[in-house]
Amino acid sequence: MAVSEVPTLDVQRIRADFPILEQTFNGKPLAYLNSAATSQKPRQVLEAMTAFYETSYSNVHRGVYALGERATAGLEGAREKVRAFVNAPSEREIIFVRNATEALNLVAYAYGLARLKPGDVVLATELEHHSNFVPWQYVANRTGAEFRVIPIDDAGDPQLDAVADLENVKIVAATIVSNALGTIGDIPKLAAWAHERGAILVCDAAQAAPHIRLDVQALGADFIAVSGHKMCGPSGIGFLWGRTELLLEMEPFLLGGHMIRHVGDQTTTWAELPAKFEAGTSPVAEAVGLGAAIDYLEEVGLEAIEAHEHALAAYALDVLGEIPGMKLYGPPAERRAGIVMFDVDGVHPHDMAQILDLDAIAIRAGHHCCQPLLRKLDLPATNRASFYLYTLPEEIDRLAAGVRKAKELMG
Ligand code: C6P
C-alpha cells in the first residue's frame, strides 16, 4: 500500500464500531465502496435508537406526561445538534424531513411554485442529482418560468459565463459536493453570483454534510438539504436548513396535524417555525439516531474525515489510473470528496459491478441519478466507487485487482 498522504484516522478502530463490516460474502470480507449511496451505521447510532425505543419512545409535543416530555426532549435535542452541526443561527431554521429529496421538493413547492411566474428564470447546474434538478424543472414548467441548465466543465465547475446574460434569474440550484464526480463546489462564489442577481441559492448538501464541515453562515446559500442516512444516521430522516426570513414568508408544503395554529371551518392558520413545515408524527427515534450520528462524526472529526477521503481519492486515482483502458472523471483529488467515477474500455459498468460483487466488493453502476451529466459525457452508465471514514486503502487495492480481473474476463 502506497498512501503518501494523511490517513490520520485510526480506521481499524472506527471499523470496529460498524458491525455490518464484519461480514463476509462469498467467503471474502465485505469491501463496501458505495457510501455515497448510503453510509453504514456505527453501533453508537444503533444503540442510541434502541435505548430511546426502550426508555423514552412516545409521540412528541402532544402527551402531557413524563414519557411524552422525554420523547420531545429527544427530538428537540437532536434539532439542537443539527443546528450546531451546520452552524445555523437558530433551531427554528432546522426542519426535519425524510431526506434531501423531500427537503428540495419542500423548497420547490413552497417557495418556487408559489412565487415563480412567466418571464422568471430558474437555473440548475448540469452536475445536479435529479433531486435538485427535476423539482425545479417541474415547478418552472408549472409556472411558465424558464428552466435553464448551467453547463459545467470537466472538473464539474459551473460555467457561469454561459448564463451571465440571463435576466430575471430567481432561483439557482447547485450541489455542494457532486455524487458523481465528487467535485466540491465553490458555494460562497455561487451565492454571491446568485445574490447579485436577486436570486436565491438552493444547495443540495446530501454529499457534503457527511464529508466536509458545513457552516451555513459562511456558505452564503439560502437553503441546504441533507439526508441523515448518508452521514451514519438512520434512513427516514434528513433536514432542510433555510433562512428564517424566507421560511416565514413561505406557505406550508404538507398540511395536517402539528403544523397548525388554529383550524377554522373555512381557513386555517399555521404554527410557528419549524412546526409549520413538520406536518404529522415526527420521526422521533430517527432524529435521536441522527443526533447520535452527529456526535459520532464530531468525535471522529469532520476535518479528519475530509483529509482521509482526499487521501483515499488520490490513492484510487493513482492505482486505477494505471489500468489500461481506464477512464477517470472529475477534478484532482484535493478538490473532491471520496468519490471516483470510472469507465473501463470493453467492460459494461453493470458487468463490472457484478464481477466485483463476486469478490465482495460493492460499488455502484448506472447513471447515478445524474442523467444530465451522463448526457454531457455521452455515456449511458459508468461505475462509481465511494469511500467514507471506515474505508481502507487495502479495499481500493482490492477494487483495482477486481477491475483488472473483470477486464481479463470480458476482454
Ligand atoms: N444519491 C447515490 O447513490 P435521498 O435519496 O433523498 O436521500 O438523496 C438524494 C440525493 C440528493 N443529492 C445528492 C447529491 C445525492 O447523492 C442523493 C442520493 C445516491 O448517489 C442515491 S441516487
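Let me sum up the structure you'll find in this document. (Residues numbered from 1 in each chain as written. Predicted model: local features only at pLDDT ≥ 70, side-chain atom pairs only at ≥ 80, totals over all residues. Heavy atoms only, no water.)

1. Digging into the packing of helix α11 (residues 349-358) against helix α13 (residues 393-410)
Selection criterion: Helix axes are fitted to C-alpha atoms over the stretch in contact, other axes to C-alpha atoms as well, and angles between N-to-C directions run from 0 to 180 degrees. Going along the chain from the N terminus, every DSSP run of H or I of four or more residues is numbered as a helix, and every run of E of two or more is numbered as a strand. Angle categories are assigned with fixed cut-offs, so that under 35 degrees is roughly parallel, over 145 is roughly antiparallel, 65 to 115 is roughly perpendicular, and the rest are oblique. Helix crossings fall into two classes, left-handed where the near helix is turned counterclockwise from the far one by less than a right angle and right-handed where it is turned clockwise. By definition, residues are in contact when any of their heavy atoms lie within 4.5 Å. Amino acids outside the nonpolar list (Ala, Val, Leu, Ile, Met, Phe, Trp, Tyr, Cys, Pro) and the charged list (Asp, Glu, Lys, Arg) are all regarded as polar, and Gly is one of them.
Packing of α11 against α13 brings their axes to within 9 Å, and their N-to-C directions diverge by 120 degrees. Classified by the angle their axes make, α11 and α13 are oblique. Of the two elements, α11 crosses α13, and the hand of that crossing is right-handed. The segment α11 lies against α13, with Asp351, Met352, Ile355 and Leu356 engaging Leu399, Gly402, Val403, Ala406, Leu409 and Met410. Of the residues that constitute the contact of α11 with α13, the class distribution is eight nonpolar, one polar and one charged.

2. Some remarks on the packing of helix α3 (residues 66-86) against helix α9 (residues 284-300)
Axis separation between α3 and α9 bottoms out at 8 Å; the angle between their running directions is 40 degrees. Between α3 and α9, the interaxial angle falls into the category oblique. For α3 against α9, the interelement crossing comes out left-handed. Along its contact with α3, which presents Ala71, Gly74, Leu75, Ala78, Lys81, Val82 and Phe85, the element α9 presents Val284, Ala287, Val288, Leu290, Gly291, Ile294, Asp295, Leu297 and Glu298. Residue composition of the contact of α3 with α9, by class: eleven nonpolar, two polar and three charged.

3. What to know about the side chain of Lys230
Selection criterion: Remark: exposure states derive from per-residue accessible area (1.4 Å probe, protein chains only) relative to the maximum for the residue type, with buried under 20%, exposed over 50%, and partly exposed in between. Under this rule, positive means Lys or Arg and negative means Asp or Glu; His and the chain ends count for nothing. Each reported salt bridge corresponds to a side-chain nitrogen of Lys or Arg within 4 Å of a carboxyl oxygen of Asp or Glu.
Take Lys230: it is sitting in the loop between β9 (223-227) and β10 (238-242). Among buried Asp, Glu, Lys and Arg side chains, Lys230 stands out as unpaired, with Asp204 the closest opposite charge at 8.2 Å. In this structure Lys230 touches Ala36, Ala37, Thr38, Ser39, Ala206, Gln207, Pro210 and Tyr388, once residues within four positions along its chain are discounted.

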